[in-house]
Amino acid sequence: MDPTLEDFKRRKEPIRSPRGARGQQTPRPAPTKFFLPLNIAFYVCFASHLLAALYAPIQDCDETFNYWEPLHYLNHGYGLQTWEYSPEFSIRSWAYIGLHALPAKIAGFFGGSKTFEFYALRIVLAFICAATEVRLYSATSRTINPRIGVIYLMIVAFSPGFFYASSAFLPSSFAMYTSALGLTCFMDWHGGSKIAAGIMWFGIGALLGWPFSGALIIPFVVEEWLMAVVGQADLFETFRRFLDGGVRCLVVLALQISIDTFFYHKIAVVPWRIVAYNVFSGKDRGPDIFGTEPWDYYLRNLLLNFNMWFILAAISGPLVLFQSVILRQYPTKQTLLRTLTFLSPFYLWLVIFTIQPHKEERFMFPAYPFLALNAAIAFHSLLAWIGSTDSFIFGKIPTKLKLAAILPIVLLAINTGLLRIVGTMTAYRAPLRIYDSLNASNLTQEDNTVCFGKDWYRFPSSHFLPDGIHAKFIKSEFDGLLPGDFHEGKTGFGFFPGTWLIPPGMNDRNEEDPAKYIDVQHCTFLVDSYMPGMQATEHEPLYILDEEHWERMACAPFLDASRTGTLARTIWIPELPFIPPRYRRHWGEHCLLRRRKA
């Protein structure tokens, strides 16, 4: 019998006193023998995420403009403001920004530069992510099976998906951390029930992070109440635990409303406003105006970021049903129910967001812990089936031959993920590399501006610009709404006036505001990209080639996706002479330019 999830049913047994009736010590279960010690597991996860914090490019301009820029405003008094932060709409939480502003500010005292703040906060996020993953690894190893735990650890440490999400300053990454903690609480009752704590963690992720991440708790809620109704758990005790968890969430919500009310100068229930805009906003509003994708977008994206592990996660449910119905490997209905409960959040999340026309990679982040758990359970089950001497299909195959067949598949999955990570870092990191020269002494002045045209969405954040230097936009072929500036008034405006004064030219329909642009003649510095063969347009001249008016200060290679084949865009291909041209990566450049003096 496969022991995959047998311990789940023991979780429901009453917690016994550590002492017998006569005060004597009762036997305790032997401590779990982790395949990898917890401290080593943490070092592995943190090392992976530390590399992401230091070298991963910002993949989504939403991270820059909706999170790094408001944080820069809180800590440095100026920054770019999107329409979501206008008090007229107020669909972003200052409580979430403030939670990150404090460690960034502390880092600034020690580092002495804004760039140091940027990377320090990323490192803090990488540390927190690794800590939540090790908590789930520990619970999985103790509650389910140590081999499932180590497979889960292998997925989170070497998959591109976790690499990108781990240190991203995004509510969806925050919800990924809290989802891992919530899942841990519902999985592991070591020391007593943790239902209330599980509800709290999912609630914190939904309130301070992303409201839609609350959907991940639905299977656990259904399972707990179903067990209570059929008599497998105490109904009153279940109600008390849910009430406890709900009260904790209400306390968090009250604190959040208080903080957002302080900043917006009006009562703002931001989680509700996010849901209202994205679900109930009506025609010409809502997420679809920012672009839509085909139904298979997430399937392709998850296959790129998790390769074999996504396939295993996708077949985990059917595999468990096959084992239960055909192989009879689940001795009780309760064990089967527990198994399906832990597998179902990933399917639920994938279905919900596949249905939505507007799709983005970061929308999958909260479900990554569940994807990894599903894949680990499926892979463990397959290994148990293949390794069983009773198997009709695999029983007579020598063990060494089985190992020789399986090990290359695992190494291929790990190495494919690592090659994709290296490919991304080397191809798209240029926007984080070109601003160092701005910090040279006597090079910039308070009234200088760094302008962005067609590369506006590649701006990493004002943390890379010297103090007092502002980012500005010039007209490009983009015709949507660009960010404006937070109000920088001080005298007579109180604390953080940019958070409550209504900025001009904002709308929730992505309609262009010409006032967001300045004339290129007023730009001291300019960021531009050039790919060989690129053609100039009316609003996008080739500034890099205009050596009469602009000089190069710093340039870094940037992958030319239009001339690079699919394989070379997907994974890292070494720059070796014997590689055929169609499989090589082709390059353009991303440059910081300075206006030449007349």
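Going by what an unreviewed UniProt entry lists, the chain is known as Mannosyltransferase and is assigned to Cladophialophora immunda. Of the chain, the UniProt comment under Pathway (unreviewed entry) reads exactly: "Protein modification; protein glycosylation." In its Sequence similarities (unreviewed entry) section, the UniProt record describing the chain reads: "Belongs to the glycosyltransferase 22 family."

### Thoughts on the overall build of the chain
Looking only at helices and strands, one finds 18 helices and seven strands in the chain. The C-alpha radius of gyration of the chain comes to 26 Å, within 12% of the 25 Å expected for a compact globule of 598 residues. Within the chain, the proportion of its 598 residues that are buried is 54%. Counting contacts in the chain only where the partners sit at least 6 residues apart, residues at least 24 apart contribute 76% of the total.

### Some details on the UniProt feature "transmembrane region" (unreviewed entry) in the chain
Under the feature "transmembrane region" (unreviewed entry), the UniProt entry names residues 34–58, 119–137, 144–163, 199–222, 309–330, 336–355, 367–386 and 406–428. Annotated as 85% helix and 0% strand, the span residues 144–163 places its first and last C-alpha atoms 25 Å apart. With 100% helix and 0% strand, residues 406–428 has its two end C-alpha atoms placed 34 Å apart.

### Section: the side chain of aspartate 508
Looking at where aspartate 508 falls in the secondary structure, it is placed in the loop between β4 (484–485) and β5 (525–530). At 3.0 Å, the side chain of aspartate 508 forms a polar contact with the side chain of arginine 285. Setting aside anything within four residues of it in sequence, one finds aspartate 508 in contact with Trp83, Phe89, Tyr277, Arg285 and Ile289.

### Some details on the confidence of the model for the chain
Overall, the predicted model of the chain reaches an average pLDDT of 90, with 92% of residues at or above 70. The model gives residues 1–27 a pLDDT under 50, and that stretch makes 57 contacts with residues more than four places away or in other chains.

### Overview of helix α13 (residues 297–306)
Those residues of α13 not exposed but buried are Tyr297, Tyr298, Asn301, Leu302, Asn305 and Phe306. Buried residues of α13 fall within an arc of 120° about the axis and therefore sit on the same side. As for α13, its buried residues are in contact with α6 (146–158), α7 (160–166), α14 (308–325), α15 (333–355), α16 (368–387) and α17 (399–428). Asparagine 307, located one to two residues past α13, shows a positive phi value of around 40°.

### With respect to the state of the cysteines
Scanning all chains against the criterion turns up two disulfides. Here cysteine 451 pairs with cysteine 523 through a disulfide, and the sulfurs are 2.0 Å apart. Between cysteine 451 and cysteine 523 the disulfide shows an S-S torsion of about -95°. By sign, it is left-handed. On the criterion of sequence distance, the pair formed by cysteine 451 in strand β2 (residues 449–452) and cysteine 523 in the loop between β4 and β5 is long-range, its members being 72 residues apart. Residue cysteine 451 is classed as buried on the basis of its relative accessible area, which comes to 0%.

Conventions used here
Residues numbered from 1 in each chain as written. Predicted model: local features only at pLDDT ≥ 70, side-chain atom pairs only at ≥ 80, totals over all residues. Heavy atoms only, no water. UniProt positions renumbered as here; feature names shortened; annotations may be inferred. Helix = DSSP H or I, 4+ residues; strand = E, 2+ residues; numbered from the N terminus. Rg over C-alpha atoms; globule rule 2.2 N^0.38 Å. Buried < 20%, exposed > 50% of the residue type's maximum accessible area, 1.4 Å probe, protein only. Contact = heavy atoms within 4.5 Å. Polar contact = N/O pair within 3.5 Å; in protein donor to acceptor, adjacent residues only side chain to side chain. pLDDT = per-residue confidence, 0-100. Arc of directions from axis to C-beta. Disulfide = S-S within 2.5 Å.

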